[in-house]
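Tertiary structure, described
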Amino acid sequence: MKCKTTDEFSVSVTRHEWDIEKLKAAHSIIAEHHYEKREIIRGYAGRTLHIDLEKNSITEKPLTEEMKDKFTGGRGFGLKLIWDGINKDTRWDSAENMLVITNGVMCGQTQYSGSGKSLCLTISPSTDIICDSNVGGYFGPFLKFAGFDALALQGKAKEDVVVVIDADSSTVRIETAPLEEINTHYATMQFTKMYSISDKAEDMQKVSVVSSGVGSEHSYWGIMNFSFFDIRRKVPRVKQAGRGGLGTVFRDKKIKALVAITDAIDGLKNNPADPDKLAEVGIKHHREIAVHDKSQNTMRLNGTPILVHIMNDYDLLPVENYRFGRSPKANALHRDKLVERYTQVIPDGCWFGCTLACAKAVDDFTVLTGPYKGEKVSVDGPEYETIGACTNMGIYDLDSVLEFNFYCDTYGLDTISAGTAIAFYMEMFEYGILNRERCGGLDLYFGNKDALFEFLHRIAAGDNSEFIQTAAKGIRRVKDWLIKKNWGEKKLVEDCGMENKGLEYSEYVTKESLAQQGGYGLTNKGPQHDEAWLIFMDMVNNSLPTFKDKAEALHYFPIWRTWFGLAGFCKLPWNDIVPPDNKTTNDPNKVPEHVDNYVEMFNAMTGRELTKEDILLQSERCYNFQRAMNVFMGRGTRKDDWVPYRSMGPVTEKEYLSRQERYDKELAVKLGIDKEKTLTMETKEKMALLYDFRRNQYEKLTDAVYFRRGWTQNGIPTVRKMKALGMDDEKMLPVLAAKIVQDEKDGLNEWGGKYSDGEERPSEERRYWEKW
């Protein structure tokens, strides 16, 4: 297998001879704030930065001990800052809606792999609730090095602006930015050159840019791209805060870019309480990855596309809007095909000190369509999710995958939401519910890459046709549009459109995994795998065999995975490579040795003496706080956690027949239907029985998970639960209490009764868990 090295490629992005001085001269300073430079103390910078783009004000606020105790950092700080700034009527495009970028107490260290994550939060245009997204790149660490634990952006600028946070001069500025490009692959290079003190790679490496693209202006799929200057490729690369439309809020606020400039890159800038302990734990983990990665997941060589063949082999790869779980055509996107195109650079991480080094890139890719046709560019990834989005649309040639990846990134569009939504539109096209006329002249059939790219380019151009305007807002809005137009049977439309809470599904087929159905539906922000990625445990390792196992996993793993976002860690080093003896531990799914590593690292940084139970409590506080915020905003109830039926089972006869042996066996084993009888039954009759059974299973799982989490039958965190967690916010508790009282009046919190299959529901809360 041959892969390119950095000596074998010519250019990574077309080197336009921009007049950087002319671009910079067109800027005017709207507001400027000089601040006192202080040392970071045990992982905390000790203050947050607040910018109001409407008032042109820049202020800093001290970080209180109470905020650290209750919200820890990262995602927790973001939740608290947004909570303090919103009211019940705040929506994604309200001026008071905050866009928050935080780092986390561990962020910026280099001793442990995956320590450079930023957390981004806002009210999502897709879901109307809080969406959080974690992202690599250098901006989060540089923000902390400049002296801030979080950046909160509020208000809307009157014209395009850039916010510059300069650690070198201890200055924060809001500047007009009239001439720079909006699309990421140009904007990152322009702003990096503009704010670097020289053209030397080591100086450009000290600049990180957050940008988006014109697609974010015209869709609800907007992303924020965080740059890191690749000193070997000599080009700024980007990682994405991709879910929930954060880039849409970014551009709605007229932000063209955020720029963070650091004075130095130093793994000890966090001033840890015990640097020797950090080094000791980190060295052990680095060695473990270096030695065992080759025999486990080969992440250093392949990155996340290792999952393509695994998901395809296990019938879990999304094909044609999740109708099927495998395709022989997917072999063209096997990891070996990707490796042939990667420029191999190890380490190839998105922050310093990451031995996992999974941030792969394809260089010298010649763009095939659209405004940049013929240019040579560097494409970051593609990650597994982007490849899965393409198989979902029936796209299997690698060049088209790279084209989709490139344009989504530079236009500022989420590959997951775009791919999942377009796959749904393609299925509706196949059934005649959509057609060429209704799609604004597009032939959106599965596999039509020309129509796919024209669709993306028309979004970016702000096409005002009814279909493009509606489709760019995502599946939920298209479902409502189709139903309003009376195009197609409502049940079919609802069952096929893979969204929950308004957010599109990420790229795993969940029909046979009840655990992952809950991992998508029973979430705070919507169906994104980073909250509860249980598909591998459930379907590949078969390590969640019982109903109780699944319910317990849906309590523990969302709480545990939340902690990475509080601390500023990447999740992949936790369980992608594990100690050789992990299988012999009491609970291999949790990777106990690595959990101990994280506890030791947190204590070494902060000087505290926490246990693993303590850090789980940190997470549980913030997880429940976010759910309560959803309730405050009129969401966060049981009906919001329901999932489309395709997440549970086969919607069409074609799907049933593709797995007939499996489904017939389930009818025999689970429903007691004689095997011989299944041979004579109509497929529709069998599907109806399976439909009722699968829906009942999800209802029962929902009950069990809510009970385990300490929530009501309608999914509301109780006042007792919040007080027990120490989250006794005086604005929040009355809202929860009022909602619970209303639910009781409406009969939504009653114990007892029966499920639709006739099975008794537990009649007393205290006996509930024993049932399972």
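Figured I'd write up the structure that's included with this text. Not measured: the values here are computed from a predicted model. (Residues numbered from 1 in each chain as written. Predicted model: local features only at pLDDT ≥ 70, side-chain atom pairs only at ≥ 80, totals over all residues. Heavy atoms only, no water.)

1. Topic: the environment of Leu-413
For Leu-413, the location among the structural elements is in the loop between α14 (398-411) and α15 (415-430). In this structure the C-alpha to C-alpha distance between Leu-413 and Lys-284, which are 129 residues apart in sequence, comes to 38 Å. The contacts of Leu-413, once residues within four sequence positions are left out, are Gly-215, Ser-216, Ser-219, Trp-221, Ile-223, Cys-408, Leu-456 and Ile-459. (Helix = DSSP H or I, 4+ residues; strand = E, 2+ residues; numbered from the N terminus. Contact = heavy atoms within 4.5 Å.)

2. Observations concerning the pairing of strand β6 (residues 130-135)
Of all six residues in β6, five are buried, a share of seventy percent or more. Relative to β6, strand β5 (residues 118-123) runs antiparallel, the two sharing six bridges. Across the sheet, the residue bridging to Cys-120 is Ser-133, located in β6. (Buried < 20%, exposed > 50% of the residue type's maximum accessible area, 1.4 Å probe, protein only. Pairing = 2+ DSSP bridges.)

3. A short note on the environment of Glu-655
Residue placement: Glu-655 occurs in helix α26 (residues 653-658). For the pair Glu-655 and Tyr-322, spaced 333 residues apart in sequence, the C-alpha to C-alpha distance is 9.4 Å. Ignoring anything within four residues of it in the chain, the contact list for Glu-655 reads Tyr-322, Arg-323, Phe-324, Lys-511, Arg-646, Gly-649, Pro-650 and Tyr-663.

4. Things to note about empty space enclosed by the protein
Per the counting criterion, the structure on display carries three cavities of 30 Å³ or more. Size it by volume and the second largest cavity reaches roughly 80 Å³. Every residue along the wall of the second largest cavity is listed here: Arg-75, Leu-119, Asp-132, Asn-134, Lys-525, Asp-530, Glu-531, Pro-558, Arg-561, Thr-562, Gly-565 and Lys-571. Mapped onto the lining of the second largest cavity, the elements with two or more residues apiece are β6 and α22 (547-567). It is α22 that contributes the most residues to the lining of the second largest cavity, four residues altogether. (1 Å grid on protein atoms, 1.4 Å probe; cavity = no way out; pocket = protein on both sides within 12 Å on 5 of 7 lines; lining within 4 Å. Points joined across faces, edges and corners; volume = space filled by probe spheres on them.)

5. Details of the side chain of Thr-718
Here Thr-718 shows up in the loop between α29 (683-709) and α30 (719-724). For Thr-718, the contacting residues outside a window of four places in its chain are Gly-710, Trp-711, Thr-712 and Ile-740.

6. With respect to the layout of surface pockets
Empty space left among the atoms is revealed by rolling a probe the size of a water molecule over them. Reported here for the second largest pocket is a volume of approximately 680 Å³. Around the second largest pocket sit 21 residues that line it, and Glu-512, Lys-550, Glu-666, Lys-670 and Arg-694 are the ones nearest its centre. Those elements giving two or more residues to the lining of the second largest pocket turn out to be α20 (514-521), α21 (535-540), α22, α27 (660-671) and α29. When residues in the lining of the second largest pocket are grouped by element, the largest group, five residues, is from α27. Split by residue class, the lining of the second largest pocket holds seven nonpolar, five polar and nine charged. (Nonpolar A, V, L, I, M, F, W, Y, C, P; charged D, E, K, R; others polar.)

7. Let's talk about helix α11 (residues 306-313)
Along α11, seven of the eight residues are buried, which leaves the element largely enclosed by surrounding structure. Of the residues making up α11, those classed as buried are Ile-306, Leu-307, Val-308, His-309, Ile-310, Met-311 and Asn-312. Those residues of α11 that are buried lie in contact with α10 (299-302), α12 (335-341), α13 (384-392) and α21. Of the residues flanking the end of α11, it is Asp-315, one or two places downstream, whose phi is positive at about 65°.

8. Describing the sheet that holds strand β1 (residues 29-34)
The strand order across the open sheet formed by seven strands is β1-β9-β8-β13-β10-β11-β12, and the pairing between neighbours is mixed. The open sheet is flanked by β1 and β12 (235-241), the only strands paired with a single partner. Taken over all neighbouring pairs, the strand axes of this sheet differ in orientation by 20° on average, direction set aside. One ladder, built from five bridges, connects β1 with strand β9 (residues 171-176); its direction is antiparallel. Residue pairing in the sheet places Ile-29 in a bridge with Glu-175 of β9. Packing against the sheet, helix α4 (residues 139-146) makes contact with β8 (161-166), β10 (207-211), β11 (224-230) and β13 (255-261), and its axis sits at approximately 60° to β13. Seen against the sheet, helix α5 (residues 184-195) touches β8, β9, β10, β11, β12 and β13 and runs at an angle of roughly 145° to β10. (Axes fitted to C-alpha atoms, helices over the stretch in contact; angles between N-to-C directions.)

9. With respect to unusual backbone geometry
For the bond from Gly-381 to Pro-382, the omega torsion is 5°, close enough to zero to count as cis. Looking at the element boundaries, Pro-382 is found in the loop between β15 (376-380) and α13. Even without a glycine there, the phi angle at Asn-56 is positive, about 55°. Even without being glycine, Asp-315 reaches a positive phi, approximately 65°.

10. Brief notes about the packing of aromatic side chains
Under the criterion given, the structure shown has 52 aromatic pairs. Connected via pairs of aromatic rings, a cluster forms that spans Tyr-112, Tyr-556, Phe-557, Trp-560, Trp-563, Phe-564, Phe-569, Trp-574, Tyr-598 and Phe-602. The ring of Trp-487 has Arg-438 lying over it, and the distance from NZ or CZ to the ring centre is 3.9 Å. Cation over ring: Lys-590 sits above Tyr-556, and NZ or CZ is 4.0 Å from the ring centre. (Phe/Tyr/Trp six-rings, centres within 6.5 Å; stacked < 30°, edge-to-face > 60°. Lys NZ or Arg CZ within 6 Å of the ring centre and 35° of its normal.)

11. Let's talk about the environment of Asn-297
Mapping Asn-297 onto the fold places it in the loop between α9 (275-292) and α10. When its relative accessible area of 23% is taken as the criterion, Asn-297 is described as partly exposed. Taking the C-alpha atoms as reference points, Asn-297 and Pro-644, separated by 347 residues in sequence, lie 32 Å from one another. Among residues more than four places away in sequence, those in contact with Asn-297 are Ile-306 and Asp-576.

12. Points about the nonpolar core
Within soluble globular proteins, side chains that are nonpolar tend to cluster in buried spots. Ranked by size, the top nonpolar core spans 225 residues in total, and within it Tyr-425, Phe-455 and Phe-467 carry the most contacts. Of all the elements, α22 adds the most residues to this core, at 12 residues. If we ignore the near neighbours within four places in the chain, the residues touching Phe-455 are Trp-221, Ile-422, Tyr-425, Leu-442, Phe-467, Ile-468 and Ala-471. (Core = buried A, V, L, I, M, F, W, Y, C linked by side-chain atoms within 4.5 Å.)

13. Looking at the pattern of salt bridges
All told, the structure shown has 62 salt bridges when counted by the stated rule. Between Arg-233 and Asp-348 there is a salt bridge, with its nearest N and O atoms 3.4 Å apart. Remark: Asp-348 occurs in the loop between α12 and β14 (361-366) and Arg-233 occurs in the loop between β11 and β12; sequence separation between them is 115 residues. Notably, a salt bridge pairs Asp-530 with Lys-571, separated by 4.0 Å at the nearest N-O pair. Remark: Lys-571 occurs in the loop between α22 and α23 (572-575) and Asp-530 occurs in the loop between α20 and α21; sequence separation between them is 41 residues. Here Asp-530 matches Lys-571 in class, with each residue buried. Here the residues in one salt-bridge network are Asp-230, Arg-233, Arg-237, Asp-348, Asp-363 and Asp-380, joined through shared partners. (Salt bridge = Lys/Arg side-chain N within 4 Å of Asp/Glu carboxyl O.)

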